[in-house]
Amino acid sequence: YCGSLIVVAPTATDPCNPNSGIIYGTPSTQVQQLPGVNPPAYTFGPGQYAVNWQYKDPSNNISFQPQTIKVFADVFPPVAKCKASSQVAPLVVNLDASGSAKIPPSFVDNGSADTTLCDGVLGKVTLLLNDSTFNCADLAVNMGKQVVVLQVKDINGNTASCSATVQIKDVT
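Here's what I pulled together on the structure shown here. Just so it is clear, the model here is predicted, and its values are computed rather than measured.

As a further point, take the overall build of the protein chain. Helix and strand counts for the protein chain come out as zero helices and 15 strands. Computed over the C-alpha atoms, the radius of gyration of the protein chain is 27 Å, more than 25% above the 16 Å expected from 2.2 N^0.38 for a compact globule of 172 residues. Counting only C-alpha atoms and orienting by the principal axes, one finds that the protein chain spans roughly 90 × 25 × 25 Å. Expressed as a percentage of the 172 residues in the protein chain, the buried residues total 33%. Across the protein chain, the fraction of contacts at a sequence separation of at least 24, relative to all contacts at a separation of at least 6, is 59%. Split by element, the accessible area of the protein chain, about 10,300 Å² in all, is 54% carbon and sulfur. Both charge centroids of the protein chain, one from 9 positive and one from 11 negative side chains, sit 4 Å from each other.

We now examine the packing of aromatic side chains. Taken as a whole and assessed by the stated rule, the structure comprises two aromatic pairs. Centroid distance phenylalanine 44 to tyrosine 49: 5.0 Å. Interplanar angle 75 degrees. Geometry classified as edge-to-face. Like phenylalanine 44, the residue tyrosine 49 is buried in the burial classification. When the ring centre of phenylalanine 107 is taken as reference, the NZ or CZ atom of lysine 83 above it lies at 6.0 Å.

As for its position among the elements, glutamine 146 is in strand E14 (residues 145-154). Residue glutamine 146 is classed as buried on the basis of its relative accessible area of 14%.

With that settled, consider the state of the cysteines. All told, the structure shown has one disulfide when counted by the stated rule. Shown here is the disulfide that connects cysteine 82 with cysteine 162, its sulfur atoms set 2.0 Å apart. Between cysteine 82 and cysteine 162 the sulfur-sulfur dihedral comes to about 80 degrees; the bridge is accordingly right-handed. Residue cysteine 82 is found in the loop between strand E7 (62-71) and strand E8 (91-95), and its partner cysteine 162 is found in strand E15 (residues 159-170); the two are separated by 80 residues along the sequence. Here the two residues cysteine 82 and cysteine 162 agree in accessibility, since each one is buried.

Further remarks concern the sheet that holds strand E4 (residues 32-33). Here three strands make up an open sheet; going across it, the order is E1-E5-E4 and the pairing antiparallel. With partners counted over all chains shown, the strands left at the sheet margins are strand E1 (5-8) and E4, one partner each. Here E4 runs beside strand E5 (residues 41-44); their pairing, made up of two bridges, is antiparallel. Looking at E5, one finds that glutamine 33 is bridged to tyrosine 42.

By size, the foremost hydrophobic cluster in this structure holds 16 residues, and its most contacted members are Val93, Ile103, Val108, Phe134, Val148, Leu150 and Val166. In terms of residue count, E15 provides more of this core than any other element does, four residues in total. Apart from residues lying up to four places away in sequence, isoleucine 103 is in contact with Val93, Val108, Leu129, Ser132, Phe134 and Val166. Judged by nonpolar contacts, the second largest core, of 11 residues, contains Val7, Ile23, Phe44 and Tyr55.

This part covers the sheet that holds strand E12 (residues 125-129). Ordered in space as E8-E15-E14-E12, the four strands form an open sheet in which the pairing is mixed. The strands lining the two open edges of the sheet, one partner per strand, are E8 and E12. When strand polarity is set aside, the average angle formed by the axes of neighbouring strands in this sheet is 35 degrees. Here nine bridges tie E14 to E15, and the two strands are oriented antiparallel to one another. Note on E15: the bridge partner recorded for leucine 150 is cysteine 162.

All right, on to the environment of alanine 140 then. Positionally, alanine 140 belongs in the loop between strand E13 (133-135) and E14. Between the C-alpha atom of alanine 140 and that of isoleucine 168, which follows or precedes it by 28 residues, the distance is 9.6 Å.

The rules we used
Residues numbered from 1 in each chain as written. Predicted model: local features only at pLDDT ≥ 70, side-chain atom pairs only at ≥ 80, totals over all residues. Heavy atoms only, no water. Helix = DSSP H or I, 4+ residues; strand = E, 2+ residues; numbered from the N terminus. Rg over C-alpha atoms; globule rule 2.2 N^0.38 Å. Buried < 20%, exposed > 50% of the residue type's maximum accessible area, 1.4 Å probe, protein only. Contact = heavy atoms within 4.5 Å. Areas by Shrake-Rupley, 256 points an atom, 1.4 Å probe, with all protein chains shown as cover. Lys, Arg positive; Asp, Glu negative; His and termini not counted. Charge placed at Lys NZ, Arg CZ, Asp CG, Glu CD. Phe/Tyr/Trp six-rings, centres within 6.5 Å; stacked < 30°, edge-to-face > 60°. Lys NZ or Arg CZ within 6 Å of the ring centre and 35° of its normal. Disulfide = S-S within 2.5 Å. Pairing = 2+ DSSP bridges. Core = buried A, V, L, I, M, F, W, Y, C linked by side-chain atoms within 4.5 Å. Axes fitted to C-alpha atoms, helices over the stretch in contact; angles between N-to-C directions.

Okay, structure coming up:
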């Protein structure tokens, strides 16, 4: 989950038994422990946590260490990248025999992404065009040239946008 924090368990030693090795703290708060990780590590989602780390030595003596952990949610917008276009060099959209055309967001997108690292990979984004269907009437507006806006949205609702110019052409 984006906006999470991985915390490695704090450590303690037993002053009465220095050969007992490292003692790892266990959090009092219900959080997810990462499987197969040594030293133990825990994932904290967005929010504020009053954690009491518990340490238990081989003689079953227990001690506690309080800690406040605050994790902020992902508030960073994704990066919107549109294919290079202009009024002079637009992206060309050809109308079909029925006088219409529909373009997907990928027609304009040039690698938009969420640069927030989530679980070791870049976050996924949703792409949406403000105008994706065209017809013969669009030929009369600005010599068939239209500016379309690509909206890029990450899984946390952060958005960014870019624009591209498309040229509507009747090739039939």
